[in-house]
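Structural description and commentary
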Amino acid sequence: MIKSNYPSVLLIYTGGTIGMIENPETGALEAFNFDQLQENVPELKRFNYRIASYQFTPPIDSSDMEPSLWAKLVKIIHYNYDNFDGFVILHGTDTMAYTASALSFMLENLNKPVILTGSQLPIGVLRTDGKENLITSIEIAAAKYPNGQAIVPEVCIFFENLLLRGNRTTKINAENFNAFRSFNYPALATVGIHIKYNYDKIRKADSHLPMHPHYVFNPNVIILTIFPGIQETIVKNILQSPNLKAVVLKTYGSGNAPQKPWFIQLLKEATQKGIIIVNISQCPTGMVEMRRYETGLHLLDAGVISGYDATVESVLTKLMFLLGHDLTPKEIRREMNRSIAGEITLPEL
Ligand code: ASP
């Protein structure tokens, strides 16, 4: 057997429920060794694939995920890039959408699949959703056209029956197996008896360009959700924090916010200092249109820019990524107005 002719996938186990086991004394879920994961999924051996694995030691709950670990993931993928057809990252569901978004910006010119998956029930539990998620993710990570090009050269999340673009995805359910949604972009594949790819919606990779990894982030950003009764002193303290570089402003509906003069003035002072403020909606579906209502126009006047139909996870990580590259506020504003990795839908002009 010539092993190198077989599809090859690198499994990267970061932690999360999928690789957890119940402590018989406390009942709490604790991480176990990755070797046990393979023991619990003997089906992996039946794949006619070369499957190698790498595990974070210790495995982490994804609540502890952070930019240095995103950089570690990029390093692992970059180091192994030429040796595998695709990559599957096993990750806790809580911050999976942040990691998927971050990786989509960090892996420039990606032309192989990077599929994140996890589970709601540990893989050792009888009714686990982890086995199917893992097995289908591996199949998608290895899927190629007859000419050898990957079918899904993107960072994606696969969960339950949906393959979703990573930077369009949000966790929406803490209990159900069907825990992720992409509200503003169609699924890249739906999985039932067959894996049905939505070919037109999958990003086209340029296989001539080498994959270019990025590692830098500046996490001096904040998410500010507005609500009726929001207080001036609190907003002021946030916007005047010494190291603040960017704000994801979660507004109402199509991008509307209170018109109170103190609020608009604080935003204006912040943008004039070079702080980037990006407007996204608290509604998961739809697009920010700041010219639609007067309340949105006030934000535009204050120097706030549109986040279009982006998820909070993608705007936050894109800002951290751009700030990490030491771009000027003008350059960052320009980059926020274009799609780097399919993360926003730009309105037709
Ligand atoms: N708390 C876990 C995590 O995100 C939940 C999960 O794995 O789904 O790591």
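Below or above, wherever it landed, is the structure these notes cover. The shown structure was predicted, so the numbers you read here are calculated from the model rather than taken from an experiment.

**As for the site of the ligand**
The environment of the ligand is formed by Gly16, Thr17, Asp61, Ser62, Gly92, Thr93, Asp94 and Ser119. One of the side-chain nitrogen or oxygen atoms of aspartate 61 is found 2.9 Å away from a nitrogen atom of the ligand. Within the side chain of threonine 93, an N or O atom sits 2.3 Å from an oxygen atom of the ligand. A total of 270 Å² of accessible area belongs to the ligand in isolation, and the protein chains cover 88% of it. Here the shell around the ligand is composed, by residue class, of no nonpolar, 6 polar and 2 charged.

**Things to note about the nonpolar core**
Counting 58 residues, the largest nonpolar core has Leu103, Met106, Leu107, Val114 and Leu319 as its most contacted members. The leading source of residues in this core is helix H8 (residues 312-324), at 8 residues. Not counting the four nearest positions on each side in its chain, leucine 107 is found in contact with Val74, Ile77, Val114, Val155, Met211 and His212. Judged by nonpolar contacts, the second largest core, of 29 residues, contains Leu44, Ile115, Ala141 and Leu163.

**Here we look at the sheet that holds strand S15 (residues 221-225)**
Spatial ordering of the open sheet is given by S15-S16-S17-S18, a layout of 4 strands whose pairing is parallel. The open sheet terminates on both sides in strands that have one partner only, identified here as S15 and strand S18 (305-306). Relative to strand S16 (residues 246-251), S15 runs parallel, the two sharing 5 bridges. Residue pairing for S16: leucine 224 is matched across the bridge by leucine 249.

**Focus on unusual backbone geometry**
In this structure, proline 58 follows threonine 57 across a cis peptide bond, with omega equal to -5 degrees. Structurally, the position occupied by proline 58 is in the loop between strand S4 (50-55) and helix H2 (67-80). Here glutamate 160, not a glycine, exhibits a phi torsion of approximately 65 degrees, which is positive. Following the sequence through the fold, glutamate 160 ends up in the loop between strand S8 (155-159) and strand S9 (162-165). We classify glutamate 160 as partly exposed; its relative accessible area is 32%. Phi angles above zero are rare outside glycine, and tyrosine 308 is one such case at about 55 degrees. Mapping tyrosine 308 onto the fold places it in the loop between S18 and H8.

**Remarks on the sheet that holds S8**
Judged by pairing direction, the sheet is mixed, and its 8 strands sit side by side in the order S4-S1-S5-S7-S8-S9-S12-S13 without closing on themselves. Of all strands in the sheet, those with a lone pairing partner are S4 and strand S13 (195-197), marking the two edges. Neighbouring strand axes in the sheet, compared pairwise and without regard to direction, differ in orientation by 25 degrees on average. Contacts from H2 reach strand S1 (8-13), S4, strand S5 (86-90) and strand S7 (114-117) within the one sheet, and its direction differs from that of S1 by about 160 degrees. Of the strands in this sheet, S5, S7 and S8 are in contact with helix H3 (residues 96-106), which crosses S8 at around 155 degrees.

**Focus: helix H4 (residues 130-142)**
Residues three or four positions apart in an α-helix share a direction because the helix packs 3.6 residues into each turn. In this model, H4 (13 residues) spans 18 Å end to end at C-alpha, consistent with the 18 Å of a helix rising 1.5 Å per residue. Those residues of H4 that fall on the buried side of the exposure criterion are Gly130, Asn133, Leu134, Thr136, Ser137, Ile138, Ile140, Ala141 and Ala142.

**Topic: the packing of aromatic side chains**
Considering all chains together, one arrives at 10 aromatic pairs under this definition. When the centroid spacing of 6.2 Å and the interplanar angle of 40 degrees are considered together, the rings of tyrosine 145 and tyrosine 199 count as tilted. One end of the pair, tyrosine 145, is in the loop between H4 and S8; the other, tyrosine 199, is in the loop between S13 and strand S14 (212-213), with 54 residues separating them in the sequence. Accessibility expressed as a relative area gives 34% for tyrosine 145, which makes it partly exposed. An aromatic cluster is present here, built from Trp70, Phe105, Phe217 and Phe321 joined pairwise through their rings. Sitting over the face of the ring of phenylalanine 84, arginine 50 holds its NZ or CZ atom 4.8 Å from the ring centroid.

Conventions adopted
Residues numbered from 1 in each chain as written. Predicted model: local features only at pLDDT ≥ 70, side-chain atom pairs only at ≥ 80, totals over all residues. Heavy atoms only, no water. Near = heavy atom within 4 Å. Polar contact = N/O pair within 3.5 Å; in protein donor to acceptor, adjacent residues only side chain to side chain. Areas by Shrake-Rupley, 256 points an atom, 1.4 Å probe, with all protein chains shown as cover. Nonpolar A, V, L, I, M, F, W, Y, C, P; charged D, E, K, R; others polar. Core = buried A, V, L, I, M, F, W, Y, C linked by side-chain atoms within 4.5 Å. Buried < 20%, exposed > 50% of the residue type's maximum accessible area, 1.4 Å probe, protein only. Helix = DSSP H or I, 4+ residues; strand = E, 2+ residues; numbered from the N terminus. Contact = heavy atoms within 4.5 Å. Pairing = 2+ DSSP bridges. Axes fitted to C-alpha atoms, helices over the stretch in contact; angles between N-to-C directions. Expected span 1.5 Å × (residues − 1). Phe/Tyr/Trp six-rings, centres within 6.5 Å; stacked < 30°, edge-to-face > 60°. Lys NZ or Arg CZ within 6 Å of the ring centre and 35° of its normal.

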